[in-house]
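# Reading the structure
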There are 2 protein chains.
Amino acid sequence: MSENIQIQSQAPLRELPEPTLRRLPWYLAYVGLLKERGVDYVSSTQISKEINVDASMIAKDLSFLNIKGKTRIGYEVAVLEHELQDFLGFKRGHNAVMIGVGSLGASLIQDSGLVNYGLRIVAGFDINPDVVDTDICGVPIYDMNRFAQLIPSLKADIGIIAVPIHVAQEVCDIMVDAGIKALWNFTPFRITAPEDIVITNTSIYAHLAVMYNRLGLKNSLES
Amino acid sequence: MSENIQIQSQAPLRELPEPTLRRLPWYLAYVGLLKERGVDYVSSTQISKEINVDASMIAKDLSFLNIKGKTRIGYEVAVLEHELQDFLGFKRGHNAVMIGVGSLGASLIQDSGLVNYGLRIVAGFDINPDVVDTDICGVPIYDMNRFAQLIPSLKADIGIIAVPIHVAQEVCDIMVDAGIKALWNFTPFRITAPEDIVITNTSIYAHLAVMYNRLGLKNSLES
């Protein structure tokens, strides 16, 4: 059992439940904070109080990692931080290309935060002659029609989609044909791809819809 | 029944299930695409094929709107687009302030896409003297210690959090005290706030964790 967990920690081989994978970065954020404050040990009960997640769920999530808490003392903060970063892949570099360097795409290229989470955007692609053959913060922007030609030398497995919705599927097909293995879709359009392609949707604007609805509900209850 | 739905369409009074609220923008994206292509009618079956959501679920989601499909013909595209935009609040302007104009915060201010979804960022706040009293794309950046003083004149209900995690909770408390009603949290830190405050978490980096895990799994199966 513990051997199995150790193998996972070096390279996650089991498909973890998505909710667990989404919670682990929360624990990492909190643990990083504790480390900055000079705290040495933390229990799942403490983490639970701070971030509003059930302590038993935290313990279960952390059981996927190669780390054991000590009774009454809890987890060693520095070790927990290291194991979480390692497990989540934030310490390994993952090359990505950005397709569409309009407003959102250019913004994401400039967000240095992504590098801290292991994502290196090595190139951008667009069809707009105003941006093709320029660079953004040192990241070269190429013409989209050179995608298949350039992708082998870029060694990127991940394609980030930040194009207008009417070309989202077309861009997705081009990337899959060129050998891209994971698509990070920032458009609200539901792209489709063969089953062996990883698709992650980050619908920033869909979150706005939820927020507006909840806010409208509160305002109408108050008035 | 139909009267009830009509009232909702003008100002959503019922708390819709979050999954429905998250899917509605997908339909909107697809319907906008059809409109560009000059298509007049669309059925839930057609939408279903295109975006991989069960047709019966689409019909159920759309039943919250003040729109009825016609048998064999489906929904009128222009009407459906209008009703979705209206219902989701994307046509109404919502004032927001950005707290933290580092890499991510500045990027989001520059993302003109947000305006298309009804979000107007009217000001930014930071403590960094290099950015305080400058502006980004015309959006003024103020000193964070002027937050409570300036917020009444800014008429903003929404606060966007893009600060380092160790000050996320502190910033959240300041905003709640100043009367902000909805918090859009881009940090991986789980903020807590009184129950009447709307919290929306957009964990861009948590999505990376899911993508890396799925990608690692595929790579290890192939090798």
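Notes on the structure follow. (Residues numbered from 1 in each chain as written. Chains lettered and ligands numbered in written order. Predicted model: local features only at pLDDT ≥ 70, side-chain atom pairs only at ≥ 80, totals over all residues. Heavy atoms only, no water.)

## Observations regarding the overall build of chain A
What counts is decided by this rule: Only runs of H or I of at least four residues qualify as helices and only runs of E of at least two qualify as strands under DSSP, and these elements are numbered from the N terminus. Classification of residues uses two cut-offs on accessible area relative to the type maximum, computed with a 1.4 Å probe and protein chains only: under 20% is buried, over 50% is exposed, and between them is partly exposed. Only heavy atoms enter the contact rule, under which two residues are in contact if any of them lie within 4.5 Å. Here, Shrake-Rupley sampling with a 1.4 Å probe gives the accessible areas, and only protein chains in the shown set may cover a residue. Here Asp and Glu are counted as negative and Lys and Arg as positive; His is not counted, and neither are the chain ends. A single reference atom marks each charge: NZ on Lys, CZ on Arg, CG on Asp, CD on Glu.
A count of helical and extended segments in chain A gives 10 helices and 9 strands. Each of the three principal axes of chain A carries a C-alpha extent, and together these read 60 × 55 × 35 Å. Looking at chain A residue by residue over its 223 residues, the buried ones come to 54%. Excluding contacts between residues fewer than 6 apart, the proportion of contacts in chain A whose partners are at least 24 apart in sequence is 57%. Of the roughly 10,200 Å² of accessible surface on chain A, 50% is carried by carbon and sulfur atoms. One finds the centroid of the 19 positive side-chain charges in chain A at a distance of 10 Å from the centroid of its 25 negative side-chain charges.

## So, the pattern of salt bridges
All names here are of chain A. Here is the rule we go by: Salt-bridge detection follows one rule: a side-chain nitrogen of Lys or Arg within 4 Å of a carboxyl oxygen of Asp or Glu.
Inspection of the entire model under this criterion finds 8 salt bridges over all chains. Among the salt bridges present, the one from glutamate 18 reaches arginine 22, with a minimum N-O distance of 2.7 Å. In this pair, glutamate 18 and arginine 22 both sit in helix 2 (residues 18-36), 4 residues apart, roughly one turn of the helix. Owing to a relative accessible area of 29%, arginine 22 belongs among the partly exposed residues under this scheme. The partner of lysine 35 in a salt bridge is glutamate 81, with the nearest N and O atoms 2.9 Å apart. Of this pair, lysine 35 sits in helix 2 while glutamate 81 sits in helix 5 (residues 77-88), and the two are 46 residues apart along the sequence.

## Here's the deal with the packing of aromatic side chains
Put simply, the rule reads: The aromatic pairing rule takes the rings of Phe, Tyr and Trp, using the six-membered ring of Trp, and pairs them if the centres are within 6.5 Å, calling planes under 30 degrees apart stacked, those over 60 edge-to-face and the rest tilted. Look at NZ for Lys and CZ for Arg. If either is within 6 Å of the ring centre and within 35 degrees of the ring normal, a charge sits over the ring.
Per the stated rule, a full pass over the model turns up 14 aromatic pairs over all chains. Where A:Phe125 meets A:Phe147, the ring centres are 4.8 Å apart and the plane angle is 70°; that geometry is what we call edge-to-face. Of the two residues, A:Phe125 sits in strand 4 (residues 119-126) while A:Phe147 sits in helix 8 (residues 147-154), which places them 22 residues apart along the sequence. As far as burial versus exposure is concerned, A:Phe125 and A:Phe147 are alike and both buried. Note on A:Phe189 and B:Tyr30: the rings are 6.4 Å apart at their centroids and 45° apart in plane angle, and the pair reads as tilted. Of this pair, A:Phe189 sits in the loop between strand 8 (182-185) and strand 9 (198-201) while B:Tyr30 sits in helix 2 (residues 18-36), each in a different chain. Assigned by exposure class, A:Phe189 and B:Tyr30 land together as buried. Through pairs of rings, three or more aromatic residues link up here, namely A:Phe90, A:Tyr117, B:Tyr205 and B:Tyr212. Between A:Arg190 and the ring centre of B:Trp26, over which it is positioned, the NZ or CZ distance is 3.6 Å.

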